[in-house]
Amino acid sequence: VVASVSIGGNAAGVLPLHSLPAAANRSNCSLAAVVKSARDTVGADANARQLEARAVRLAQATPLPEWLTPAGGSLNMLQVGEVLLSGYTAQDEIRQLFNDYANADGEMDLRGWLAFQAAVQEEPDVPAARAAYARACGDAGSSRLSYMRFAMLLLSPENRAVPPNAYTADLSQPLSHYWVATSHNSYIVGDQLTGRSTREAYMRQLLQGCRHVEIDCWDQFQLRSCKTVPVVTHGHTLCTVESFDAVASAIARTAFVTSDLPVILSLEMHCKPERQRAIALALLSNLGERLLSCDDIEGFSLSPEALRGKVLCKGKVKAVLAAVREARSSADVAETGEAGRTVSERGASVASSETLYVRHLTLRTVPADDFLAELSHEYGFALPITSIGEERLGQEMGLAAPRAEALDEGSVLRGMAGSVHALQRKTAEQLLRVYPLGLRFAGKNLDPLVCWRVGAQHVALNLGQHPDLAAQLHYALFEDTGGYVRKPEEMVDGRGWPPRRESLRRVTIELLSLHGLPKQGEERPSRDGAHGASHGYVPELTGSWRAPAAVESSSTLRLKVSLHAIGGFCSVSTVRQPRQVETEHVTSSAGEHGGLSPRFGETVHLLAAEPHETVLRVAVLESDEENASVDAEEVAFDTVVLGRMRPGYRTLHLRSRRGTRIEMCHLFVHISHGNEPHKWPSASELREEVETRRSEAAGLRKEISQLRRGGVWRQGSFEGI
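Conventions and cut-offs
Residues numbered from 1 in each chain as written. Predicted model: local features only at pLDDT ≥ 70, side-chain atom pairs only at ≥ 80, totals over all residues. Heavy atoms only, no water. Helix = DSSP H or I, 4+ residues; strand = E, 2+ residues; numbered from the N terminus. Buried < 20%, exposed > 50% of the residue type's maximum accessible area, 1.4 Å probe, protein only. Lys, Arg positive; Asp, Glu negative; His and termini not counted. Salt bridge = Lys/Arg side-chain N within 4 Å of Asp/Glu carboxyl O. Contact = heavy atoms within 4.5 Å. Expected span 1.5 Å × (residues − 1). Arc of directions from axis to C-beta. Core = buried A, V, L, I, M, F, W, Y, C linked by side-chain atoms within 4.5 Å.

Asks: Please explain the side chain of Arg-644 as it appears in this structure.
Replies: Of note, Arg-644 is situated in the loop between strand E21 (633-641) and strand E22 (648-655). In this structure, Arg-644 is buried with no salt-bridge partner, the nearest side chain bearing the opposite charge being Glu-479 at 6.5 Å. Contacts of Arg-644, omitting those with residues within four sequence positions, involve Ala-161, Val-162, Pro-163, Ala-166, Tyr-167, Ala-476, Leu-477, Glu-479, Thr-481, Val-485 and His-612.

Asks: Just checking my understanding: could you explain helix H11 (residues 273-287) for this structure?
Replies: Since the α-helix packs 3.6 residues into each turn, any two residues three or four apart lie on the same face. For H11, built from 15 residues, the straight-helix expectation of 21 Å at 1.5 Å per residue is met to within 8% by its first-to-last C-alpha distance of 21 Å. Taken together, the buried positions of H11 are Arg-275, Gln-276, Ile-279, Ala-280, Ala-282, Leu-283 and Leu-287. For H11, the angular spread of buried residues about the axis comes to 160°, placing them on one side. Every exposed residue of H11 that faces more than 90 degrees away from the buried side is listed here: Pro-273 and Ser-285. Residues of H11 that are buried in the fold lie against strand E4 (212-218), helix H10 (244-254), strand E7 (263-269), strand E8 (311-315) and helix H16 (356-359). A positive phi of about 60° marks Gly-288, the residue just after H11.

Asks: What is the right way to read the nonpolar core from this model?
Replies: In globular proteins that are soluble, nonpolar side chains generally tend to be buried together. Ile-215, Phe-244, Leu-265, Leu-267 and Leu-283 are the most contacted members of the largest nonpolar core, which has 73 residues in total. With six residues, helix H22 (residues 469-478) is the single largest residue contributor to this core. Phe-600, Val-604, Ala-636 and Leu-652 belong to the second largest nonpolar core, which has 33 residues in total.

Asks: What is the right way to read the pattern of salt bridges from this model?
Replies: Oppositely charged side chains may form a pair once their charged atoms are brought near each other. Taken as a whole and assessed by the stated rule, the structure comprises 33 salt bridges. Ionic pairing is found between Arg-657 and Glu-633, a salt bridge with its closest N-O pair at 2.3 Å. Of this pair, Arg-657 sits in the loop between E22 and strand E23 (661-677) while Glu-633 sits in strand E21, and the two are 24 residues apart along the sequence. With relative accessibility at 42%, the residue Glu-633 sits in the partly exposed group. Residues Arg-661 and Asp-638 are paired through a salt bridge, measuring 3.4 Å at the closest nitrogen-oxygen approach. Of this pair, Arg-661 sits in strand E23 while Asp-638 sits in strand E21, placing them 23 residues apart in sequence. Across the pair, exposure class does not vary: Arg-661 and Asp-638 are buried alike. Beyond isolated ion pairs, a larger network of salt bridges with shared partners links Arg-160, Glu-479, Asp-638, Arg-655 and Arg-661.

The structure is reproduced here in structure tokens:
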């Protein structure tokens, strides 16, 4: 709808855009605020005629004031804007809510607004409600809210189901107690074979809240401009090259803009010692005191809170790795088993030989075998960390096929609870990074849910591309958290997570109406919000404003609602206590795409044992009316953490397939919370039941065999039973 009213040209009979705010006082709605980010994106007369025709059709089918009635089958620009906004906000529930709390003059004053917030929205924060009211009235130049202004306020990012301050956590615990927003091959835009290496990828990801980025360092490239400086690229591929100094400068500029929680640089080193020194000097010159050395961390409590504004580097210390191997192979160690003491005795000589680069590796890598064997203490590192591939993680969990596609919750539950809990105990003490299979050339991500479930803090995902499901779950979990999310208490205290819950959290969502879905061919990326600055870098991932296609075809819309749990029971159903457990539901009622706000009118009940570790995903599916049986195309979506959703009439601010929020595109819903008894058996209970039935069946087979041998069965002794 923003593109619909943002015609920059001045076709005959169309008011100039800059004159709309003054003329729009009849509706008490500032169109300037609506179109501020699209002022110069659409301007062709053909688009103006197309949008005018759409507005005329809408005006003829909708009761509107006389001044909005088409005269001679045409509308001026003011009328087009007003009609489209009227269509955008046309929603029976919103109108009824407004009427319930409006005064006799048909406007809503502050008292009515606060009453609505308390009774309907269950909003206890009176100062916040007053501030929202003041902003809305101030924009309109009035002391009261009209219906249009009230509706626009409900259909705005300010009324999102998950507010910006929804997540709070104690950040004083050890680093190992948190999941951390982590990217893989952070420099690449595109695929892993031919992608573009660029400093802008780091800037975009850091501004989006990522706290752990990867830097692959190389030298000896056959490029004249890179022969004497270290570079960043994906080795042995066709990816382009970026200088390390440019990457360090970009990180320094954007590391702490969105969040001041600690940043980790994972340095995959392929450089010779002289280039390693150049890398250390580049980091020091760009980051200064923010860069920690091994000597510095001795004075810190190693928690996110204590490390605010600091940068830690991760890498291998080959001298220590060699010392441990030598100690283990020596005869005295073989007899006494005191490898740790032997390495400690040699520690002084090893430390004295550390280079400038090595002294700034505060997170030091321990081999995966030693981490799994619980031998990390032998290295004497203050902050040990292990990197493990997804295939090795699958093997440790007992999976027959070590592939990411096999790492689903069902596989984990089948006899692997012991392995999962063992890994949770290990990751309660030490950091673990999981990286994707090397054969994922197209950049498809691993399943992060199972990795988070075993306690892996750093699940490395490819974020330099349009987001797949894994990236969508990542953005939902870490949105507005500063990049650090506290793991469940049972996961870090040794009890094992998830436990059996006797009660389930129920979130009931009434799917009411869809507002402002872009037409075919139209794009309206929103560049506002907490991460708005990130869209200035690698802009092709954000997209650009684009007008609708000249010819529109009729289509049918449906909604797909699904739950994705890191662990614990979850269910999606149209009834509170479903007999069959499903984790996704597609609406049976389809909204008509001909209008600006198609209705769905369906209610879903979402049950979750661990709501703060369960992600809700809602997708808009579009299909041709003439070919409804053909698979629908997903045109918009949103993902949120279920446990962070607030009650009341709220919106889900939808995203395009690029992962960028769409300007003025919202799914209007009503949310209510409750609890339901957990009547479904756990995985262990199901396994016990199966084993019991198998035992009973084996006993019956044995008894029948004995009866047959004794001839009793053949004599027909059981006739009539």
